[in-house]
Amino acid sequence: MAEPRPGLALRFQRWFLAARPLRSLPWPELEQSLRTAPDPAMLADILHKTILHPLCVKYPPSAKYRRCFLTELIKKLESTAVEPLDELYEALADVLKEKESTHCYKNYLLPTGDCVSLSESTALISGGTTGLVTWEAALLLAQWALQNPAVFRDRTILELGSGIGFTGIAICKTCQPRTFIFSDCHPRVLRQLEENIQLNGFIPEPDVAWSIQTESQGQELEGENCQSPKVIVAELDWGSVTEEQLLGLRADVVIAADVVYDPEIILALIGMLQKLSTCRADRRAPEVFIASTIRNPDTYQLFQAELDKAGIRWQVIPAHSSCNFLYDVQPDVTILQLFV
C-alpha cells in the first residue's frame, strides 16, 4: 500500500493549534490517503497531534472550532473503509459538553521550536475594538522577522498597535532584541496584551519606565533587569504622544501590522511617523516596517499618497517564497519599509 505524504499529521497539527480556517486544512490529501491506505492509525495520529495535544488541552481553541474539526474528521473516517475509531467519538462527546466562551486560545508553532500561545476574543469586534484578535498582517510580519533576525538583534524595537501581541512575542522569542516596547491605546487591548506577554514567559517592566529616559537611565534600568529582552507595555496614543516621549523610547526599529485600514487612522499614523522623523536628535532615524492586509485598495493607495505628501519615502519588501509556520497567509498582505 502507498504511504501517505510525510508530515500530513504535522501540518494538521500546525494549522489546528493556531485555529486556522478549517477550509484551509489539508482535507483532500487526508481523504486521498485514507482511500489509498485505510488505516485508523493515521486518524489516531492526527487526533493526538491536535485535540489531545498537551497544548490544546492547556490552551484550547474555541469549543465551536474543535467541534467542527472533529465532525469533519469523523466525516472523513465514515466516507472511507477505515475501521471506526472510538477515541474520535469520545473526543467529540467531551467537546459537546463544553459551554462556549467569549475567549479562546491559539498556539503558533514557530520553526525554531518555540510556541506563541495567545488568549483571543472569539469575536472579530469585541468591546468596541478589533484589537483582541490576531490579523493576517501580524502573521506575515512575524514570518518576515524570523527570516531577518539581524534587523532586530540587540536593538530597541517599538511596535505600534500591538494588539494582543503575536508579532512582538514571536520576535522576543526568536530574534534576540535588547528591548521590545509593545504599545496600543485601547485599555482592554492593553490588559489582554499584558496577559499574553506573561502567558509566554515575559514580565513587562513597570509602565513608569517607558515615557522619557536619558541614555544613562536606560542603561541603569537594563543593568537592574536580568530578563532578556527587556519588555515594556506602553499606552501610546498617536495623536497625543509628544516628540519628547518618542525620543525617550530610543527606538532603533519601529514595526506595525494591520494599522492601515481607515483614513482617519492613516492620518494619525502619518503624524506619528513625522514626529519620529523630527525627534531623533543626534540619533539615526529608526528603521520602519509596516505590514498591511489590502482589504480596500483605495485606502491603501491613500496611505501611500499621504506618505508621499509627507515626504516619507517607501519601498515594498519582497515576499519570501517559503512560509515556515503558516501555509495559508493571504497573498494580499504586503510589507512596506519607510524612510522617515
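Residues numbered from 1 in each chain as written. Predicted model: local features only at pLDDT ≥ 70, side-chain atom pairs only at ≥ 80, totals over all residues. Heavy atoms only, no water.

In the nomenclature of an unreviewed UniProt entry, the protein chain is known as EF2KT methyltransferase of Copsychus sechellarum. Within the UniProt record for the protein chain, the comment given under Sequence similarities (unreviewed entry) is "Belongs to the class I-like SAM-binding methyltransferase superfamily. EEF2KMT family." (UniProt positions renumbered as here; feature names shortened; annotations may be inferred.)

Caption draft 1: Looking closely at the overall build of the protein chain. The helix and strand tally for the protein chain stands at 13 helices and nine strands. Sequence separation of at least 24 residues holds for 74% of the intrachain contacts in the protein chain that already meet a minimum separation of 6. Accessible surface, the protein chain: about 15,800 Å² in total, of which carbon and sulfur atoms supply 52%. (Helix = DSSP H or I, 4+ residues; strand = E, 2+ residues; numbered from the N terminus. Contact = heavy atoms within 4.5 Å. Areas by Shrake-Rupley, 256 points an atom, 1.4 Å probe, with all protein chains shown as cover.)

Caption draft 2: Seen up close, the confidence of the model for the protein chain. On average, residues of the protein chain score 85 in pLDDT, and 84% of them reach the 70 mark or higher. Throughout residues 1-6 the model reports pLDDT below 50, and contacts reaching past four residues in sequence, or to other chains, amount to ten contacts. The model gives residues 125-132 a pLDDT under 50, and that stretch makes 22 contacts with residues more than four places away or in other chains. (pLDDT = per-residue confidence, 0-100.)

Caption draft 3: Representation of the side chain of E159. Inspection of the secondary structure assignment puts E159 in strand β3 (residues 156-160). Despite its burial, E159 pairs with no opposite charge; the closest candidate is R295, at 13 Å N-O. Within the structure, E159 has its side chain in polar contact with the side chain of S162 (distance 3.2 Å). For E159, the contacting residues outside a window of four places in its chain are T167, G168, F180, I181, F182, S183 and I255. (Buried < 20%, exposed > 50% of the residue type's maximum accessible area, 1.4 Å probe, protein only. Lys, Arg positive; Asp, Glu negative; His and termini not counted. Salt bridge = Lys/Arg side-chain N within 4 Å of Asp/Glu carboxyl O. Polar contact = N/O pair within 3.5 Å; in protein donor to acceptor, adjacent residues only side chain to side chain.)

Caption draft 4: Fine view of the side chain of Q13. Looking at where Q13 falls in the secondary structure, it is placed in helix α1 (residues 8-17). A relative accessible area of 10% places Q13 in the buried class. If we skip the residues at most four places from it in the chain, Q13 touches K49, T50, H53 and L109.

Caption draft 5: Focus on the packing of α1 against helix α5 (residues 63-78). Relative orientation of the contacting elements α1 and α5 amounts to 155°, with a least axis distance of 12 Å. On the basis of the axis angle, α1 is roughly antiparallel to α5. Contact residues: F12, W15 and F16 in α1; Y65, R66 and F69 in α5. The class makeup of the residues in the contact of α1 with α5 is five nonpolar, no polar and one charged. (Axes fitted to C-alpha atoms, helices over the stretch in contact; angles between N-to-C directions. Parallel < 35°, antiparallel > 145°, perpendicular 65-115°, else oblique. Nonpolar A, V, L, I, M, F, W, Y, C, P; charged D, E, K, R; others polar.)

Caption draft 6: Summary view of unusual backbone geometry. Even without glycine at this site, Q176 takes up a positive phi of about 55°. Relative to the helices and strands, Q176 is located in the loop between α8 (166-174) and β4 (179-184). The phi dihedral of R250 falls on the positive side, at around 55°, and the residue is not glycine. Following the sequence through the fold, R250 ends up in the loop between α11 (243-249) and β6 (253-257).

Caption draft 7: Region of the structure containing the sheet that holds β4. Within the open sheet, the seven strands sit side by side as β5-β4-β3-β6-β7-β9-β8. Their pairing is mixed. Two strands bound the open sheet, and with one partner strand each, they are β5 (230-235) and β8 (313-317). Sheet twist, expressed as the mean angle between neighbouring strand axes with direction ignored, is 20°. Bridge count for β3 against β6 is four bridges, and the pairing is parallel. Along β6, the bridge assignment pairs I157 with V253. (Pairing = 2+ DSSP bridges.)

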